[in-house]
Structures are given as C-alpha cells and as structure tokens.
2 protein chains.
Amino acid sequence: MNMRSDLPQLLVKAGLTILEEEGAEGLTLRRIAARAGVSHAAPAHHFGGLTGLKNAIATQGFQAFYGDLVAAQDSLPGDADPFQRLLTVNLAYIRFARRHPALFRLMFEQWPTQDDDLRMTAQATYVVLHQCCTPLVQDRKRAPFETAIWAMTHGFAMLNLDQPYPPGSPVQMPSYEEALRLLVG
Amino acid sequence: MNMRSDLPQLLVKAGLTILEEEGAEGLTLRRIAARAGVSHAAPAHHFGGLTGLKNAIATQGFQAFYGDLVAAQDSLPGDADPFQRLLTVNLAYIRFARRHPALFRLMFEQWPTQDDDLRMTAQATYVVLHQCCTPLVQDRKRAPFETAIWAMTHGFAMLNLDQPYPPGSPVQMPSYEEALRLLVG
DNA sequence: TTACTCAACTTGACAGTGTAAAGGAAATCA
DNA sequence: TGATTTCCTTTACACTGTCAAGTTGAGTAA
C-alpha cells in the first residue's frame, strides 16, 4: 500500500467533484489527476483509460443514487400508504437527477457496458423501484406496470435535467404526482 | 455564392453521417470538415464553433424526428381510433430513438439552449404529441395527462437507446403498448 | 477598367486532450 | 541479498477546438 491510502477512490471522488462543479466537459483524465495531485497517467494506470474511470465514477454515482432511494423509502413508516411510498421514492429519483445532472447523464450513458460492477450496481437500484411497485400492481400485469412507472419517472427526470423550472414547459415537478396518480389509479 | 452551393448544409449532413456511422465520439469539427472536403476551420467560420454546429445538427435531427412523427400520424385514416393513433406516433418516437441513438442523445443534450432555431424546432415536435393526446384526455386534467404520456414515452426511448433487446430487462419494445394502455385506460 | 470591399474560406500556431512506452522507486518476495 | 511486482512519473505522439492572419474570388462603385 502506498503513502496515499487509496488513489483509485481519490480519483473517483475528484471526478465526482469536477462533474458537479464544471459539468461533463471538465471530466478529463488530466484534470482529475491534477485535482488528485498525481501525474496525468496515473488514472490510466488504475482504470485502464478514460472509459474505465468513467465507469468507476458512474458506479459510485449509482451507489449514491441507491442510497438516496433507500433513504427516501426508509423515511416513511412501514405501514405507510403504498402510493405515498412509491411517490416519495420516485421524487427522490427525480430530485437526484436534478441535483446531479451531469452525473446522472454519465451514469445512464455508461450504463450499457461490459463492466460488471457498474451493471450490478445499477441493477440494485432498480430493485428499490420494483419493491415499491409490488403492492400497487393489483389486477394488472406486473411487467408492463413496472415498466410504465419506471419509464415515466426516468423520462420525467431526463426532461427536467437541464431545464429545471421553465414556466411554460409541460413538464414540471409538481405535476409528477398527478401524472403518477393517473398511472396508478 | 460559392461554387459549392451550401457548405453549412453540407457540413450538417456530414455530421449526421458521422453520428450514424461512428457515434458521438466521431463528431469532431476536423472530421466533419474532412468529410465535407474543406479545411478544419471552415465549420467554425459558419457555426461559430463546435457548439453551434452541434446545435445545427440537433435542429436538423428534430426536423427529421418531426417528419417521422407526422408520417406516422398520417399513416392512419382520419377516423382511426385515437388510442391507435397515439400508440402509432409514440412508437415512431421510440423507433427514431432506437435507430438514431447518438443523434437522439445529441438532440436532447443540445435542447436546453439559447439557439432559437433549435428550441422552436424541438417545440414543433411536441405539438404532434399534444394533438394525439387531446382526444384521449376525457375527464382528466390535460397537463398532467400529457406530461405523463410524454415522460413515459421519452423514458422508454431513453432506456432502450443502447440496450436494444436485452432479454431480461424490464423494458422491452412490445411492452410499451401495454404500458401506454395502463395510462390511457 | 480599376480599385475597393467583403464574405468565404485556408493556413498556421497553440494549448489541451487520451494513450502508449519506457523508466524509476519502493515494497514484496525468494 | 537479488529479483520481481506494483505504483506511479516522464516523455512522446497524434488528435482536438479555437484563434489570428492570410488568401481568394466575386460583387460594387467610381
């Protein structure tokens, strides 16, 4: 083990910081390395290249994402109304996207990959949504119902990424609850 | 007017071709210029820089997108079932995204911009969806209903961009009809 | 015709980018 | 001790966007 305890983790963290502060354009091997205080070739050594580092950053992003969703789920009592639980979790989904637009974009750009860590971390996130949907399925078919909810939430998040509060836009945060109600019934 | 009739249009077309053939990574001022047979600084002259050229490409993309949606709408007789009409248009939406994933991503990345051409072209696209939703609103509130449908369709398209046909994924093309049916009733 | 203007490019230079090869330094191992 | 491996640096290279300056050629006015 080297003097600095864990350079890969340090690099991922530097990448996340840059992503928040400067957006996707600033996410550069050399700038990440500079912020971590190492030479520009160090990241490539640990992650194989820019793609590998992006995958690692996306993986960490999905972990934080998962944490937010679980926290939202746990913020309600166990006997809470299933609709309120689903709404709360999905609003956390959308809020994460709005708070970390560059990271959110990166996550779902890197998502289709061979990287097993990234794929499995992303899949773990979906389980939360799946659990929230289950008690609401009722007499519907499970798969299309889940698909509809996930797609609607993800689309809502995507369309609100960079246009946070456009007055005339048909997509606005407050209307998500009504939209979800239309679907769940 | 120069010998070559319309270089800006030629550059946009070259960009679209590169986007289809090589994806977003190939979309470079210099490669676009090379494919159009001009010097590497010519694009910057006409579009002010890479951003301007990307905006122009995205605008053209939205025009093609609009054309696909209108064609889908017109493929049905005037007295067709409103649900079938909405479904047909939305499947065209999703199919466009699947056929041109890199362009689709670019379009919605450049979408939040000051470029009036791009913004207005993109907005024209939404009108098609709006029209298809109208006869299905019934006793619901219009805005959340439209939002729900658009978000679901867009999310579906996004989640199917790069994972075209994953066997186990909860998101699959055939299930969109069922998902839409859940929402429209 | 001649001189001027101006838009449409080209050329050249520059800082910044990812990647790869080679080297070094220090820890680990035999 | 000597050899090896891991971690990282240095160096080099091709490629990128942008900028400034130069070129070209067609129109315009005198």
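Residues numbered from 1 in each chain as written. Chains lettered and ligands numbered in written order. Predicted model: local features only at pLDDT ≥ 70, side-chain atom pairs only at ≥ 80, totals over all residues. Heavy atoms only, no water.

1. Considerations on the protein's contact with DNA strand C
Now for step 1: In the neighbourhood of DNA strand C, 18 residues make up the surrounding shell, with Leu29, Arg30 and Leu50 of chain A together with Ser39 and His40 of chain B lying closest.
Now for step 2: When the atoms of DNA strand C within 4 Å of the protein are grouped by moiety, sugar and phosphate amount to 57% of the total.
Now for step 3: In the model, a base oxygen of DNA strand C is placed 3.1 Å from a nitrogen or oxygen of the His40 of chain A side chain. (Near = heavy atom within 4 Å. Polar contact = N/O pair within 3.5 Å; in protein donor to acceptor, adjacent residues only side chain to side chain.)

2. Overview of the nonpolar core
Now for step 1: With 126 residues, the main nonpolar core has Ile57 and Phe104 of chain A together with Ile57 and Phe104 of chain B as its most contacted residues.
Now for step 2: Not counting chain neighbours up to four residues away, the residues in contact with Phe104 of chain A comprise Phe65, Tyr93, Phe96, Ala97, His154, Ala157, Met158 and Leu161 of chain A. (Core = buried A, V, L, I, M, F, W, Y, C linked by side-chain atoms within 4.5 Å. Buried < 20%, exposed > 50% of the residue type's maximum accessible area, 1.4 Å probe, protein only. Contact = heavy atoms within 4.5 Å.)

3. Here's the deal with the relation of the copies chain B and chain A
Now for step 1: Between the two copies, chain B and chain A, the superposition gives an RMSD of 0.0 Å; the rotation angle is 180° and the shift along the axis is 0.0 Å. The two molecules are tied by a two-fold rotation axis, judged by turn and shift.
Now for step 2: The overlap is high: 100% of the interface residues of chain B also sit at the interface in chain A, so the same surface is used on both sides. (Least-squares fit on C-alpha atoms with pLDDT ≥ 70 in both.)

4. As for the packing of aromatic side chains
All names here are of chain A.
Now for step 1: Here the structure, examined in full by the defined rule, presents 22 aromatic pairs over all chains.
Now for step 2: On the numbers, 4.8 Å between centres and 40° between planes, the contact of Phe65 with Phe96 is tilted. Here the residue Phe65 occupies a position in helix α4 (residues 50-74), and Phe96 occupies one in helix α5 (residues 82-99), the gap between them amounting to 31 residues.
Now for step 3: Both rings, one in Tyr93 and one in Phe104, keep their centres 6.1 Å apart while their planes meet at 75°; by these two values the pair is edge-to-face. (Phe/Tyr/Trp six-rings, centres within 6.5 Å; stacked < 30°, edge-to-face > 60°. Helix = DSSP H or I, 4+ residues; strand = E, 2+ residues; numbered from the N terminus.)

5. Focus: the pattern of salt bridges
Now for step 1: Inspection of the entire model under this criterion finds ten salt bridges over all chains.
Now for step 2: Among the salt bridges present, the one from Arg31 of chain A reaches Glu22 of chain A, with a minimum N-O distance of 2.6 Å.
Now for step 3: Measuring nitrogen to oxygen at the nearest pair gives 3.3 Å for the salt bridge that ties Arg119 of chain B to Asp116 of chain B. Of this pair, Arg119 of chain B and Asp116 of chain B are both found in helix α7 (residues 116-133), three residues apart, which corresponds to roughly one turn of the helix.
Now for step 4: Its relative accessible area of 37% is what places Arg119 of chain B among the partly exposed residues.
Now for step 5: The exposure class assigned to Asp116 of chain B is partly exposed, which follows from its relative accessible area of 43%. (Salt bridge = Lys/Arg side-chain N within 4 Å of Asp/Glu carboxyl O.)

6. Observations regarding the interface of chain B and chain A
Now for step 1: Residue-level contacts link 29 residues of chain B with 29 residues of chain A.
Now for step 2: Buried area between chain B and chain A, both sides added, is near 2700 Å², and the carbon and sulfur share of it is 73%.
Now for step 3: In this assembly, chain B and chain A are joined by two salt bridges.
Now for step 4: Among the ionic pairs, Glu178 of chain A bridges to Lys141 of chain B, the shortest N-O distance being 2.7 Å.
Now for step 5: Counting across the interface, chain B meets chain A through four residue pairs in polar contact (both at pLDDT 80 or more).
Now for step 6: Tallying contributions element by element places helix α8 (residues 142-159) of chain B first for the side of chain B that touches chain A, with twelve residues. (Buried area = accessible area lost by both parts, 1.4 Å probe.)

7. Some words on the protein's contact with DNA strand D
Now for step 1: The immediate surroundings of DNA strand D are formed by 18 residues, with Ser39 and His46 of chain A together with Leu29, Arg30 and Leu50 of chain B found nearest.
Now for step 2: The sugar-phosphate backbone supplies 55% of the atoms of DNA strand D found within 4 Å of the protein.
Now for step 3: Contacts to DNA strand D include Leu29 of chain B, whose backbone N or O atom sits 2.8 Å from a phosphate oxygen.
Now for step 4: Residue His40 of chain B places a side-chain N or O atom 3.3 Å away from a base oxygen belonging to DNA strand D.
Now for step 5: When residues of the surface near DNA strand D are traced back to their parent elements, those giving at least two are α3 (42-47) of chain A together with α2 (29-36) of chain B.
Now for step 6: When its residues are assigned to classes, the surface near DNA strand D shows seven nonpolar, eight polar and three charged. (Nonpolar A, V, L, I, M, F, W, Y, C, P; charged D, E, K, R; others polar.)

8. A closer look at empty space enclosed by the protein
Now for step 1: Applying the stated criterion across every chain yields a total of three cavities of 30 Å³ or more.
Now for step 2: Quantified by volume, the largest cavity comes out at close to 80 Å³.
Now for step 3: Elements with a minimum of two residues in the lining of the largest cavity: α8 (142-159) of chain A together with α8 of chain B.
Now for step 4: Split by residue class, the lining of the largest cavity holds seven nonpolar, two polar and two charged.
Now for step 5: The computed volume of the second largest cavity comes to approximately 60 Å³.
Now for step 6: As for the second largest cavity, its lining consists of Arg105, Glu109 and Met158 of chain A together with Arg105, Phe108, Glu109 and Met158 of chain B.
Now for step 7: Of all elements in the fold, only α6 (101-110) of chain A together with α6 (101-110) of chain B reach the threshold of two or more residues within the lining of the second largest cavity.
Now for step 8: Here the lining of the second largest cavity takes three residues from α6 of chain B, the largest share from any one element.
Now for step 9: The residue makeup of the lining of the second largest cavity, split by class, is three nonpolar, no polar and four charged. (1 Å grid on protein atoms, 1.4 Å probe; cavity = no way out; pocket = protein on both sides within 12 Å on 5 of 7 lines; lining within 4 Å. Points joined across faces, edges and corners; volume = space filled by probe spheres on them.)

9. Quick look at the packing of α5 of chain A against α6 of chain A
All names here are of chain A.
Now for step 1: In contact at an axis separation of 5 Å, α5 and α6 are set at 110° when each is read in the N-to-C sense. Accordingly, the angle class assigned to the pair α5 and α6 is roughly perpendicular. On the side of α5, the interface is formed by Tyr93, Phe96, Ala97, Arg98 and Arg99, while α6 contributes Pro101, Leu103, Phe104, Met107 and Phe108.
Now for step 2: A class-by-class count of the residues in the contact of α5 with α6 yields eight nonpolar, no polar and two charged. (Axes fitted to C-alpha atoms, helices over the stretch in contact; angles between N-to-C directions. Parallel < 35°, antiparallel > 145°, perpendicular 65-115°, else oblique.)

10. Here we look at the confidence of the model for chain A
When pLDDT is low, close inspection of the predicted coordinates is not appropriate.
Now for step 1: On average, residues of chain A score 91 in pLDDT, and 91% of them are at 70 or above.
Now for step 2: Of all secondary-structure elements in chain A, the lowest mean pLDDT belongs to helix α9 (residues 175-184) of chain A, at 93, while α4 of chain A reaches the highest, 98. (pLDDT = per-residue confidence, 0-100.)

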